[in-house]
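# Observations on the three-dimensional arrangement
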Amino acid sequence: MEIRVGIGFDIHRLEEGRELVIGGVKIPYEKGWVAHSDGDIFFHALTDALLGAIGYGDIGQLFPDSDKKWEGADSSIFLKEAYRIVKEKGYSIVNIDGYIILQKPKLLYYRKKIIENTAKILDIDVSRIFIKGKTFEKIGEIGEGKAGMCEVVVLLRKGE
Ligand SMILES: [Zn+2]
């Protein structure tokens, strides 16, 4: 059996009047992501982690933000494509772990929904995915609610 680990990171600014989408789940809040696509930091970090684990490239290479095609795009498209490549290379997901740093709103209420939605998209069991919601203790711009960030680790396996 071969195992591989991948790590992904993402950050987006938050502004009023935009949608806050995390793990494909729309979260009611006064602010949302400033991004070329829907700005889903969890799916972006996870996409990068999957691609990084197999040394394939990164999200910016596969889906350049200079491409009009991805304007306002549903980021599950990026995630699905990265996972398709991972499976094509013969790997499957052992587990995904990550954290999301947002000063507001509290992510705890949405965690189950985010995990369930991600598991559905990847067609894996919910027990293989976990995320933690953290604040930035009011430090700096993330702490002031001007941005949110996410870091994700994924473990892949191939063969018995
Ligand atoms: Zn992003």
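Source: prediction; values computed, not measured.

### Focus: the pattern of salt bridges
All chains considered together, the criterion is met by 10 salt bridges. For E19, the salt bridge goes to K26, with nearest N and O atoms at 3.9 Å. You can call K26 exposed: its relative accessible area is 57%. One salt bridge connects E88 with R84, and the closest N-O pair in it is separated by 2.9 Å. Taken as a pair, E88 and R84 lie in helix 3 (residues 76–88) at a separation of four residues, close to a single helical turn. Residue classification places E88 among the exposed residues on the basis of a relative accessible area of 58%.

### Some remarks on the nonpolar core
Core analysis: the biggest nonpolar cluster contains 39 residues, and F42 and L50 have the highest contact counts within it. When residues of this core are traced back to their parent elements, those giving at least two are strand 2 (20–22), strand 3 (25–27), helix 1 (41–53), helix 3, strand 5 (92–101), helix 4 (108–122), strand 6 (129–134) and strand 7 (147–158). Setting aside residues no more than four positions away along its own chain, F42 makes contact with I22, G23, I100, I114, T118, I131, C150 and V152. With five residues, the next largest nonpolar core counts F63, W70, A73 and F78 among its residues.

### Let's talk about a nonpolar patch on the surface
A surface patch of nonpolar side chains, amounting to about 270 Å² of accessible area, comprises V5, I7 and V153. Position of V5 among the secondary structure elements: in strand 1 (residues 2–16). The class of V5 is exposed, set by a relative accessible area of 56%.

### Description of the coordination of the zinc ion
Protein coordination at the zinc ion comes from D10 (OD), H12 (NE2) and H44 (ND1), with a distance range of 2.0 to 2.1 Å. Sequence positions of the residues that donate to the zinc ion give the spacing D-x1-H-x31-H. On the accessibility criterion, D10 (14% relative accessible area) is buried.

### Examining the packing of aromatic side chains
Under the definition given, this model contains four aromatic pairs. Ring geometry for F63 versus W70: centroids 5.1 Å apart, planes at 90 degrees, classification edge-to-face. Each member of the pair F63 and W70 is classed as buried. One aromatic cluster is present, built from ring pairs that chain together F63, W70 and F78.

Calculation notes
- Residues numbered from 1 in each chain as written.
- Predicted model: local features only at pLDDT ≥ 70, side-chain atom pairs only at ≥ 80, totals over all residues.
- Heavy atoms only, no water.
- Salt bridge = Lys/Arg side-chain N within 4 Å of Asp/Glu carboxyl O.
- Buried < 20%, exposed > 50% of the residue type's maximum accessible area, 1.4 Å probe, protein only.
- Helix = DSSP H or I, 4+ residues; strand = E, 2+ residues; numbered from the N terminus.
- Core = buried A, V, L, I, M, F, W, Y, C linked by side-chain atoms within 4.5 Å.
- Contact = heavy atoms within 4.5 Å.
- Patch = residues over 30% accessible without salt bridge, like charges linked within 9 Å, V, L, I, M, F, W, Y side chains within 5 Å.
- Areas by Shrake-Rupley, 256 points an atom, 1.4 Å probe, with all protein chains shown as cover.
- Donors = N, O, S within 2.8 Å, 3.2 Å for Na, K, Ca; no water.
- Phe/Tyr/Trp six-rings, centres within 6.5 Å; stacked < 30°, edge-to-face > 60°.

Geometry only, nothing functional implied.
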